[in-house]
Amino acid sequence: MSSSTLVAEPGTQEIVMTRVFDAPRDLVFRTMLDPQLIPKWWGPRRLATVVETMDVRPGGKWRYLQKDEAGNEFAFNGEYREVSPPDRVVSTFEFEGVPGHIAVDNVTLEEHDGQTTLTIRTVFASVEDRDGMLNSGMEGGATESHDRLAELLAEISGK
Amino acid sequence: MVQYQSLDRTFSALSDPTRRVILDRLGRGPASISDLAEPLDMTLTGMKKHVRILEDAHFVTTEKVGRTRVCRLGPAQHEGLPSGGREPLGELEAWMESFRQMWEERLDRLDDLLQDIKHQSPDNRHDS
């Protein structure tokens, strides 16, 4: 299922993701903040995620490690800034491979008819940080058309 | 690092609503600086500045024709560009796609997990 939507707001250096889950809000909230369950969803399937620290309270720290088959290790950490059950968590995110570049994730949960809409607003310190964190392949297709331009502009300007 | 700088330029070029209007307009065909400035009620100098930023980010190319400067969308003029010539929206799109995929996988897994938990405990265990 791919019901996520992503909206990038270039001027504010934010990215907003939303996703609807067929589950009550309490359950989504508890699941997302359960250290024992983090390894089951937080990382990509091809990597093993280990929770080293997860102190879910304002000012509490978290640190996760991910290992690939070749034994390479990637570490992520952050701090909880706000933990307000059942609908709001604000935490920071840092990839230790690119230290010092901290993003802030604002998670909001809304329940409607037994379904929960999860909204994650990620605020990056700069565009450079986004790329450093993601280490994404920039080998995007070199083709461009006016149609794609129009589509993308509509997407990023939230039309 | 070069990639980051160029992506940075891409985002900041697009961050301004006026520049998005300019791109939208140029998507319908070339226009002079004054063609662009008029509907927006802008000075020619102000418009030149915006066009310059879009030019630096490789969205737009300009060409002097007689006394006017004709602006058009850049990338479409460079089909068959050598591989070194990256197009700004290609990069932006690739970056957004990789971010989307990361979250997509994470949230797919969370979804699976929530369904498992729900099935294990039909009353959704409001305690815990």
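Peer 1: Can you tell me about the overall build of chain B, naming the residues and giving the values?
Peer 2: When helices and strands are tallied, chain B shows 5 helices and 3 strands. Listed by position from the N terminus, the elements making up chain B come as α-α-β-α-α-β-β-α. Residues counted as buried form 44% of the 128 residues belonging to chain B. Considering only residue pairs separated by 6 or more positions, chain B has 50% of its internal contacts joining residues 24 or more positions apart.

Peer 1: Got a sec to walk through the overall build of chain A? Specific residues and values, please.
Peer 2: Each helix and strand in chain A was counted, giving 4 helices and 8 strands. When the elements of chain A are put in sequence order from the N terminus, they spell out β-β-α-α-β-β-β-β-β-β-α-α. Put simply, chain A has 159 residues, and 45% of those count as buried. Carbon and sulfur atoms make up 48% of the accessible area of chain A, which totals about 7800 Å².

Peer 1: Talk me through the pairing of strand β3 (residues 48-54) of chain A; I want residue IDs and the actual numbers.
Peer 2: All names here are of chain A. In terms of strand pairing, β3 meets strand β4 (residues 61-67) through 6 bridges, oriented antiparallel. Residue pairing in the sheet places T49 in a bridge with Q66 of β4. Joining the antiparallel neighbours β3 and β4 is a turn of 6 residues, in which G59 adopts a positive phi near 90°.

Peer 1: Please set out a positive patch on the surface residue by residue, giving values where relevant.
Peer 2: Residue and element names in this part refer to chain B. A cluster of like positive charges, contributed by K48, K64, R67 and R69, occupies part of the molecular surface. The residue R69 is located in strand β3 (residues 68-73) in this model. With relative accessibility at 35%, the residue R69 sits in the partly exposed group.

Peer 1: An account of the pairing of strand β2 (residues 14-21) of chain A is needed here, citing residue identities and associated values.
Peer 2: Residues and elements named next belong to chain A. Of all 8 residues in β2, 6 are buried; the element is thus mostly enclosed. In this structure, β2 lies alongside strand β8 (residues 115-123), joined through 8 bridges in antiparallel fashion. Note that in β8 the partner of V20 across the bridge is T117.

Peer 1: Before we move on, can you summarise the nonpolar core with the specific residues and values?
Peer 2: Counting 35 residues, the largest nonpolar core has A:W42, A:Y80 and A:L118 as its most contacted members. With 7 residues, helix α5 (residues 88-120) of chain B is the largest single contributor of residues to this core. Discounting residues that sit within four places of it in the chain, A:W42 has contacts with A:T49, A:W62, A:Y64, A:Q66, A:F76, A:F93 and B:R106. In this structure, B:A13, B:L23, B:L26 and B:M47 belong to the second largest nonpolar core, which totals 17 residues.

Peer 1: Just give me the short version of the packing of helix α2 (residues 17-26) of chain B against helix α4 (residues 44-56) of chain B, but keep the residues and values in it.
Peer 2: Packed helices, taken two at a time, are described by the angle their axes make and the gap between the axes. Residues and elements named next belong to chain B. Two numbers describe how α2 lies on α4: the axes approach to 10 Å, and their chain directions differ by 75°. The orientation of α2 with respect to α4, classified from their angle, is roughly perpendicular. Contacts between α2 and α4 pair T18, R19, I22 and L23 from the former with M47, H50, I53 and L54 from the latter.

Peer 1: I'd like a description of empty space enclosed by the protein, backed by residues and values.
Peer 2: Following the criterion strictly, the structure yields 4 cavities of 30 Å³ or more and no others. Taken as a whole, the largest cavity spans an internal volume of roughly 310 Å³. Lining the largest cavity are 22 residues, with A:M32, A:W41, A:W42, A:S91 and A:V107 positioned closest to its centre. The set of elements that each furnish at least two residues to the lining of the largest cavity consists of α1 (25-32), α2 (38-41), β4, β6 (88-95) and β7 (102-112) of chain A together with α5 of chain B. No other element matches the 5 residues that β6(A) contributes to the lining of the largest cavity. Considering only residue class, the lining of the largest cavity consists of 16 nonpolar, 2 polar and 4 charged.

Peer 1: An account of the packing of aromatic side chains is needed here, citing residue identities and associated values.
Peer 2: Per the counting criterion, the structure on display carries 7 aromatic pairs over all chains. Relative to A:F76, the ring of A:W42 has its centre 5.4 Å away and its plane inclined at 70°; by these criteria the two rings are edge-to-face. Separated by 34 residues along the polypeptide, A:W42 in the loop between α2 and β3 and A:F76 in strand β5 (residues 73-84) bring together distant segments of the chain. Of the two residues examined, A:W42 and A:F76, each falls in the buried class. Their ring planes at 45° and their centres at 4.5 Å tell us that A:W62 and A:Y64 sit as a pair that is tilted. Lying over the aromatic face of A:W42, B:R106 brings its terminal NZ or CZ to 4.2 Å of the ring centre. The cationic tip of B:R106 hangs over the ring face of B:W103; the distance from NZ or CZ to the ring centre is 4.4 Å.

Peer 1: Could you give an account of the sheet that holds β3(B), with specific residues and numbers?
Peer 2: Sheet strands line up and pair through hydrogen bonds in the backbone, either parallel or antiparallel. All names here are of chain B. Across the sheet, which stays open at both edges, the 3 strands sit in the order β1-β3-β2 with antiparallel pairing between neighbours. One side of each edge strand has no neighbouring strand; the edge strands of this open sheet are β1 (31-32) and β2 (60-65). Strand direction decides the pairing type here: β2 and β3, joined by 6 bridges, are antiparallel. Considered in β3, the bridge of K64 is made with R69.

The rules behind these values
- Residues numbered from 1 in each chain as written.
- Chains lettered and ligands numbered in written order.
- Predicted model: local features only at pLDDT ≥ 70, side-chain atom pairs only at ≥ 80, totals over all residues.
- Heavy atoms only, no water.
- Helix = DSSP H or I, 4+ residues; strand = E, 2+ residues; numbered from the N terminus.
- Buried < 20%, exposed > 50% of the residue type's maximum accessible area, 1.4 Å probe, protein only.
- Contact = heavy atoms within 4.5 Å.
- Areas by Shrake-Rupley, 256 points an atom, 1.4 Å probe, with all protein chains shown as cover.
- Pairing = 2+ DSSP bridges.
- Patch = residues over 30% accessible without salt bridge, like charges linked within 9 Å, V, L, I, M, F, W, Y side chains within 5 Å.
- Salt bridge = Lys/Arg side-chain N within 4 Å of Asp/Glu carboxyl O.
- Lys, Arg positive; Asp, Glu negative; His and termini not counted.
- Charge placed at Lys NZ, Arg CZ, Asp CG, Glu CD.
- Core = buried A, V, L, I, M, F, W, Y, C linked by side-chain atoms within 4.5 Å.
- Axes fitted to C-alpha atoms, helices over the stretch in contact; angles between N-to-C directions.
- Parallel < 35°, antiparallel > 145°, perpendicular 65-115°, else oblique.
- 1 Å grid on protein atoms, 1.4 Å probe; cavity = no way out; pocket = protein on both sides within 12 Å on 5 of 7 lines; lining within 4 Å.
- Points joined across faces, edges and corners; volume = space filled by probe spheres on them.
- Nonpolar A, V, L, I, M, F, W, Y, C, P; charged D, E, K, R; others polar.
- Phe/Tyr/Trp six-rings, centres within 6.5 Å; stacked < 30°, edge-to-face > 60°.
- Lys NZ or Arg CZ within 6 Å of the ring centre and 35° of its normal.

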